[in-house]
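# Examination of the molecular architecture
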Amino acid sequence: HFFDPGTSTLTYVAYDTTSKDAVVIDPIWDFDAASGQLSTKSLEAVLNFLSSNALHPHYVLETHAHADHISSSQLFKKHFPDIKVAVGERITEVQGIFSKTFNMKNLDTTGKDFDRLLSENEEFSAGTLKIRYFQTPGHTPACGCYLIGDAVFTGDAIFMPDSGTGRCDFPGGSAESLYESVTQKIYKLPEDTRIFVGHDYQPQ
């Protein structure tokens, strides 16, 4: 994992130690609000890890559209031309909400900016890695989790125990949907499933 203290965000690299096949989950593009400048410090940390371990990343996996940080997913294509960016298919609903809420008339709402739109319980491979995607709406309509072996990457659906869950007051958010997502999907996974959350806000 890679922790960004500015947003308390966790970025992950999941990989097969034998084949060196890998995926990157929820990478960030650093933004300094005071100066309005972007930097690639967090991206470079992930790139250095991939390089030093001779990993072959096949996908950047987004758990949702992030309100608290800018994604660096597209930047990976400069370094890995064959890498694909995937997200849940309900991202088009979020794009529609953004378009209306923020008067973004030129925003494409078809999801074509992503290489792959994933459907509920879709299974796919990243080299030797076997991945299952399932929808966990509530924080946003497009939130989803990635199950890789005994590890599930939840994005903002669930946090560390002292923080609870993601907020539900964004446009399209639903506390009822998030409750169902956590109790009927994440909590229904086998007891030995390891949970990797999207944020760690640290003890206050």
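To keep things clear, this report deals only with the structure shown in the data block. (Residues numbered from 1 in each chain as written. Predicted model: local features only at pLDDT ≥ 70, side-chain atom pairs only at ≥ 80, totals over all residues. Heavy atoms only, no water.)

### A look at the environment of Thr18
With respect to the element layout, Thr18 can be found in the loop between β2 (9–15) and β3 (21–25). The spatial distance from the C-alpha of Thr18 to the C-alpha of Thr128 is 9.2 Å, given a sequence separation of 110 residues. (Helix = DSSP H or I, 4+ residues; strand = E, 2+ residues; numbered from the N terminus.)

### Comments concerning the sheet that holds strand β7 (residues 70–71)
One open sheet accounts for three strands, arranged β5-β4-β7; its pairing is antiparallel. Of all the strands in the sheet, the pair left with one neighbour each is β5 (37–39) and β7. For strand β4 (residues 28–32) and β7, the ladder comprises two bridges, and the chain directions are antiparallel. By the bridge assignment, Trp29 is partnered in β7 with Ile70. On top of the sheet, helix α1 (residues 41–52) reaches β4 and β5; it is set at about 150° to β4, its chief contact. (Pairing = 2+ DSSP bridges. Contact = heavy atoms within 4.5 Å. Axes fitted to C-alpha atoms, helices over the stretch in contact; angles between N-to-C directions.)

### Notes on the packing of aromatic side chains
Counting across every chain of the model gives nine aromatic pairs. Residues Tyr12 and Phe196 carry aromatic rings whose centres are separated by 5.6 Å and whose planes lie at 80° to one another, so their mutual orientation is edge-to-face. Remark: Phe196 occurs in strand β14 (residues 194–197) and Tyr12 occurs in strand β2; sequence separation between them is 184 residues. Phe196 sits in the partly exposed class, given a relative accessible area of 25%. Ring plane angle 70° and centroid distance 5.3 Å describe the contact between Tyr59 and Phe124, whose orientation is recorded as edge-to-face. Taken together, the positions of Tyr59 in strand β6 (residues 56–61) and Phe124 in strand β10 (residues 122–126) put the pair 65 residues apart, joining distant regions of the chain. A relative accessible area of 7% means that Tyr59 is categorised as buried. By relative accessible area, which is 6% here, Phe124 ends up buried. One aromatic cluster is present, built from ring pairs that chain together Phe2, Tyr15 and Phe49. (Phe/Tyr/Trp six-rings, centres within 6.5 Å; stacked < 30°, edge-to-face > 60°. Buried < 20%, exposed > 50% of the residue type's maximum accessible area, 1.4 Å probe, protein only.)

### Observations regarding the pairing of β6
Sheet topology note: the β3/β6 ladder contains five bridges and is parallel. By the bridge assignment, Val23 is partnered in β6 with Tyr59. Sheet topology note: the β6/strand β8 (residues 84–88) ladder contains three bridges and is parallel. Each bridged residue has a counterpart across the sheet, and for Leu61 the counterpart in β8 is Ala86.

### Some words on the side chain of Glu122
Among the secondary structure elements, Glu122 is positioned in strand β10. Residue classification places Glu122 among the buried residues on the basis of a relative accessible area of 17%. Within the structure, the side chain of Glu122 is placed 2.8 Å from the backbone nitrogen of Ser119, a separation counted as a polar contact. Apart from residues lying up to four places away in sequence, Glu122 is in contact with Arg116, Leu117, Ile131, Arg132 and Tyr133. (Polar contact = N/O pair within 3.5 Å; in protein donor to acceptor, adjacent residues only side chain to side chain.)

### Here's the deal with the layout of surface pockets
Estimates place the volume of the largest pocket at around 490 Å³. Around the largest pocket, the lining is made up of 18 residues, and of these Ala65, Ile91, Gln95, Phe98 and Phe114 lie nearest the centre. Those elements that provide at least two residues to the lining of the largest pocket are β7 and α2 (91–101). The residue makeup of the lining of the largest pocket, split by class, is nine nonpolar, seven polar and two charged. Elements with a contribution of two residues or more to the lining of the second largest pocket: β1 (2–4), β4 and α1. (1 Å grid on protein atoms, 1.4 Å probe; cavity = no way out; pocket = protein on both sides within 12 Å on 5 of 7 lines; lining within 4 Å. Points joined across faces, edges and corners; volume = space filled by probe spheres on them. Nonpolar A, V, L, I, M, F, W, Y, C, P; charged D, E, K, R; others polar.)

Keep in mind that these numbers describe shape and distance, not what the molecule does.
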